[in-house]
Amino acid sequence: MFRGRLRCPAAQYSGPAGRQAVTVDIEKIFGLAAHRAPGIQDAERLYAVLIALNRDERTGEYSVLYEVRSDTIDAQPGEVCFPGGHIEPGEGALECALRETQEELGIPPELIEVCCELDTFHPSCNIVIRPFLARLLPGAAGAITPSPDEVKDFFFVPLSELSEPYYSRTYPAVRVLPKDFPYEMIGIDERYGWRSITEELVVYRYKERVIWGFTALMTRALMRFLSSLSGEGGAT
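Given the structure is predicted, the values throughout are model-derived calculations rather than measurements. (Residues numbered from 1 in each chain as written. Predicted model: local features only at pLDDT ≥ 70, side-chain atom pairs only at ≥ 80, totals over all residues. Heavy atoms only, no water.)

Trainee: Requested: an account of the pairing of strand S8 (residues 127-136), with residues and values cited.
Mentor: Among the 10 residues that make up S8, 8 are buried, leaving the element largely enclosed by the rest of the structure. Here strand S3 (residues 45-55) runs beside S8; their pairing, made up of 9 bridges, is parallel. Residue Ala48 lies in a different strand from S8, and its bridge partner there is Arg130. As defined by bridge partners, strand S7 (residues 112-117) adjoins S8 across 5 bridges and the pair is classed as antiparallel. Its bridge partner lying in S8, Val114 is registered against Ala134. (Buried < 20%, exposed > 50% of the residue type's maximum accessible area, 1.4 Å probe, protein only. Helix = DSSP H or I, 4+ residues; strand = E, 2+ residues; numbered from the N terminus. Pairing = 2+ DSSP bridges.)

Next comes the structure, spelled out in structure tokens:
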């Protein structure tokens, strides 16, 4: 392992003819980036959501809180999702999830007990979603007041109803390359054996409610996480 200090002078790199040269000050970069926190490559939009569990006082069973988007919003109107939204500049992911939950459903942070951050969800469309597992404290469910501008409805689904999805399929994604792809320069042709790409479709159904898309994929990840820590008996 290299333990010495690397000193590099500023270097200049020139791209293809006609492109302006770029000056890279390596010494400055090493100083500024020494304690940089890593991000996720190619992530264009960052979101955080709250996956909140609520305990039924009568049965003791836990349920997952979902909301239904307003029909008047631009993004996925009328679809089922978790409370959450875009992480604002300077805002932490958990701070965002709690803020959005209060804005959308009226649940104050003091009525939410956060357990942990679950695995980051990074689908192929260059967005990143950071989900947080939490549970609602007594009185939180009764305090839910949806914001009509963002939320049409909300509902709870018992964990026992989420043990298996209603539908789950993996299918190959089609890679279509442009006609000007530089096969010859790379040294390959159209028959090159590209690594296969797959996508998943997961759907949950509970009574008249249908959960699909990213929300369904994160629901399945939640159930796998709970089961992994609950042993053979599963999570209740």
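Trainee: Please set out the sheet that holds strand S12 (residues 209-212) residue by residue, giving values where relevant.
Mentor: Spatially, S10-S11-S12 is the arrangement adopted by the 3 strands of the open sheet, whose pairing is antiparallel. Of all the strands in the sheet, the pair left with one neighbour each is strand S10 (167-172) and S12. Neighbour-to-neighbour, the strand axes of this sheet turn through a mean angle of 15°, independent of strand direction. Set on the sheet, helix H4 (residues 213-230) makes contact with S10, strand S11 (198-206) and S12; between it and S11 the angle comes to about 85°. (Axes fitted to C-alpha atoms, helices over the stretch in contact; angles between N-to-C directions. Contact = heavy atoms within 4.5 Å.)

Trainee: So what's going on with the packing of aromatic side chains? Which residues, and what values?
Mentor: As enumerated under the stated definition, the model contains 7 aromatic pairs in all. When the ring of Phe154 is compared with that of Phe156, the centres are 6.2 Å apart and the planes differ by 90°; the resulting orientation is edge-to-face. Residue classification places Phe154 among the partly exposed positions, given a relative accessible area of 25%. On the basis of relative accessible area, Phe156 is assigned to the partly exposed category, the value being 22%. Residues Phe181 and Trp194 carry aromatic rings whose centres are separated by 6.1 Å and whose planes lie at 65° to one another, so their mutual orientation is edge-to-face. One end of the pair, Phe181, is in the loop between S10 and helix H3 (183-186); the other, Trp194, is in the loop between H3 and S11, with 13 residues separating them in the sequence. Within the aromatic cluster, the residues linked to one another by ring pairs are Phe181, Tyr183, Tyr192 and Trp194. The ring of Tyr166 carries the charged tip of Arg205 above its face, separated from the ring centre by 5.8 Å. (Phe/Tyr/Trp six-rings, centres within 6.5 Å; stacked < 30°, edge-to-face > 60°. Lys NZ or Arg CZ within 6 Å of the ring centre and 35° of its normal.)

Honestly, that's just the spatial picture; any functional story needs more than this.
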